[in-house]
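Structural overview for review
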Amino acid sequence: MKLKLLGQSIDNASANNIGGATLVRIHCTSAATATLRLAGGGSIVGSVYIGQGETVIIQKEPTEELTCATSKSTKVAYSS
């Protein structure tokens, strides 16, 4: 899988829409829970535990906000 980078890495995202991303690569430097909320601190859409050193790719709506301590999050797209 190839990823196209669409922005700078954001450290320890907190209520951040990651530049309006619809696809976000999250790498955790320590175990953490990534939580996705509706814009403006609304209802929780979902959450996932990410182990230390693990990387996941999350699909989200552009206005949804991500919070994930001890992580680096980057707006990405798939590339061929």
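Residues numbered from 1 in each chain as written. Predicted model: local features only at pLDDT ≥ 70, side-chain atom pairs only at ≥ 80, totals over all residues. Heavy atoms only, no water.

For the rest of this paragraph, the subject is the side chain of Thr74. Position of Thr74 among the secondary structure elements: in strand 8 (residues 71–79). Every residue in contact with Thr74, bar those within four places of it in the chain, is listed here: Leu5, Gly7, Gln8, Ser9, Ile18, Leu23, Val24 and Arg25. (Helix = DSSP H or I, 4+ residues; strand = E, 2+ residues; numbered from the N terminus. Contact = heavy atoms within 4.5 Å.)

Attention now goes to the environment of Leu36. Turning to its location among the elements, Leu36 is positioned in strand 4 (residues 32–37). When the C-alpha positions of Leu36 and Glu65 are compared, they lie 5.6 Å apart, and in sequence the two are 29 residues distant. Those residues in contact with Leu36 that sit more than four places away from it in its chain are Ser43, Ile44, Val45, Gly46, Ile58, Gln59, Lys60, Glu64, Glu65 and Leu66.

This paragraph deals with the pairing of strand 3 (residues 23–28). Summarising the sheet, strand 3 and strand 6 (residues 55–59) pair through five bridges and their orientation is antiparallel. Looking across to strand 6, one finds that Val24 is bridged to Ile58. Here strand 3 runs beside strand 8; their pairing, made up of five bridges, is antiparallel. Within strand 8, the position partnered with Arg25 by the bridge is Thr74. (Pairing = 2+ DSSP bridges.)

Let us look at the pattern of salt bridges. Close approach of charged atoms allows side chains of opposite charge to pair. This model, assessed by the stated rule, comprises one salt bridge. A salt bridge links Lys72 to Asp11; the shortest N-O distance between them is 2.8 Å. Linking Lys72 in strand 8 with Asp11 in strand 2 (residues 10–11), this pair joins segments that are 61 residues apart in sequence. A residue is classified by how much of its surface remains accessible, and Lys72, at 36% relative accessible area, is partly exposed. (Salt bridge = Lys/Arg side-chain N within 4 Å of Asp/Glu carboxyl O. Buried < 20%, exposed > 50% of the residue type's maximum accessible area, 1.4 Å probe, protein only.)

One finds Ala13, Ile18, Ala21, Val24, Ile26, Cys28, Ala32, Ala34, Leu36, Ile50, Leu66 and Cys68 forming the largest nonpolar core, which totals 12 residues. Going through the elements one at a time, strand 3 and strand 4 are the ones with two or more residues in this core. In contact with Cys68, other than residues within four places in its own chain, are Asn12, Ala13, Ile26, Cys28, Ala32, Thr33, Ala34 and Ile50. (Core = buried A, V, L, I, M, F, W, Y, C linked by side-chain atoms within 4.5 Å.)

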